[in-house]
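The chain contents come next:
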Amino acid sequence: MDEPAVIGRRVQRLRAQLGLTQRQLAEPAYTPAYVSTLESGKVRPSEAALRHLAGRLGTTYEELATGRPARLVTELRLGLTDAQRALATGEADEAAVRYRQLLTEAELHGLDEERAEALLGLGDCALETGELEDAVRHFEACEQILAAEPLPRRARAVRGRAVAHILAGELRYACYLLESAIDELGTSGLADPEALVLLYAAVIGPYLDMGAQARAARAAELALALAPQVSDPALVAGMHRQVARTFLAEGRLADADASLAKAQSIYRQLRLRTDLAHCHWMRGYVYAQEGELDSAERELRTARDMLAAKRAVLFTAQVEVELADVLRRLGRHAEAMELLTPLTELGDQHGAVHAGGAHRLLGLICEERGETEPAEEHYVTALGLLERSGASGDMADLCRLLGDLLRRAGRIEAALDAYRTGLGHRAAPGTTTLGPAPLPPRI
């Protein structure tokens, strides 16, 4: 409710527009003197008084108390739903324009809940288009608005910020954010199933990239156990997509394919093209692991085309690395290099992981073609890019490749140094340096 002086001026303005006297406005429940005192801002009106006056003035209690048009909140929420639909169906730029309009309107009228939803949407749009700094800024602003709210209300913003750091290659910090939120949900007694599935599904990927297979498997197990309590089908589909990565790490390719097929079915129904593209991507990876390279290429090209159409820059880059690896294994080196060369320019601007993966594959191609010096340069560059990301499995693999290359060239001491570095990254398989894993919730 606004200050008494503001409400008083609003009542006076509306009364004058209708040509009513203070007596006509007040009767039969109140006196002209009360209306005069109210219009001068000397008294804070009760809800009952405002509802009476609103009825006489042909407006609503909310508009009289706050100045907000009666249909504003409903229209804002409808607008948010339209923007969410646009984002879900692949129109991130269009959705971002709509979210910015809605944010401005919500800020104008002091509607914090709608401001938070608009900021979440802008953060998701920025993730789609690879604008990671903007994504973090939007998610942080949303968390500030919701600071007094229970953690389940803030879980989407926390997850969004963590995903931005994952895409930037900052895996350890992303795991810290997600694990801290999971622990807080457990210790606070607010173990909301939807929030937990959201957070567990998000943490599976960085766990695997860091070589923490045991934690990834446990997170997947807990997410699957919580899934029956979740009513949001898109969230369940996202969980199935992330759980598939754990099955892949365990060599359970049939289970991974089954999880991805479930996710695809749901996303097809919901028309969420980004997540459907991710399913094609992961299925392509499954086929590649099984040696079905033609099927892998088909799925990965489908994923790439869907993501590129949405201008999802970082996700497209990740798929192109996977597709280039399939092309390399098919012996189509020129096509693979054509995909990979632009990706090496991403560097730290969008995170080291994607550029590091591109350099690794270029090194393999050069090595297969007998070009030893360029191969070594690509491996060393990839190691430098991945060093800060905490992607232990990738670092260990690169050290092995570099060590093998140096050993075959007769540079034994340099090869031993590379192997020792790789062993340091794999000294404790299935663990990270993050400390104890989050306590599991009561299911």
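Residues numbered from 1 in each chain as written. Predicted model: local features only at pLDDT ≥ 70, side-chain atom pairs only at ≥ 80, totals over all residues. Heavy atoms only, no water.

Looking at an unreviewed UniProt entry, one finds the chain named Helix-turn-helix domain-containing protein, with Streptomyces mauvecolor as its source organism.

## A few points about the side chain of arginine 154
As for its placement among the helices and strands, arginine 154 is situated in helix α10 (residues 151-167). Residue classification places arginine 154 among the buried positions, given a relative accessible area of 15%. Leaving out residues up to four positions away in the same chain, arginine 154 has contacts with Glu143, Leu146, Ala147, Glu149 and Glu184. (Helix = DSSP H or I, 4+ residues; strand = E, 2+ residues; numbered from the N terminus. Buried < 20%, exposed > 50% of the residue type's maximum accessible area, 1.4 Å probe, protein only. Contact = heavy atoms within 4.5 Å.)

## Notes on the pattern of salt bridges
Counted under the stated rule, the structure contains 27 salt bridges. Across the pair glutamate 117 and arginine 156 runs a salt bridge, and its minimum N-O distance is 3.4 Å. Residue glutamate 117 is located in helix α8 (residues 112-129), and its partner arginine 156 is located in helix α10; the two are separated by 39 residues in the primary sequence. Ionic pairing is found between aspartate 397 and arginine 400, a salt bridge with its closest N-O pair at 2.9 Å. A residue pair is termed a helical-turn pair when its members lie 3 or 4 positions apart in one helix, as aspartate 397 and arginine 400 do in helix α22 (residues 392-408) at 3 residues. One connected set of salt bridges, linked through shared partners, spans Arg360, Asp397, Arg400, Asp404 and Arg407. (Salt bridge = Lys/Arg side-chain N within 4 Å of Asp/Glu carboxyl O.)

## Details of helix α12 (residues 193-209)
Residue pairs three or four apart in sequence face the same way in an α-helix, which turns once every 3.6 residues. Between its terminal C-alpha atoms α12 stretches 25 Å, which fits the 24 Å expected from 17 residues at 1.5 Å a residue. Taken across its 17 residues, α12 has 15 buried, putting it largely inside the fold. The N-cap residue of α12 is aspartate 192: its side-chain oxygen and the backbone nitrogen of glutamate 194 are 3.2 Å apart. (Expected span 1.5 Å × (residues − 1). Polar contact = N/O pair within 3.5 Å; in protein donor to acceptor, adjacent residues only side chain to side chain.)

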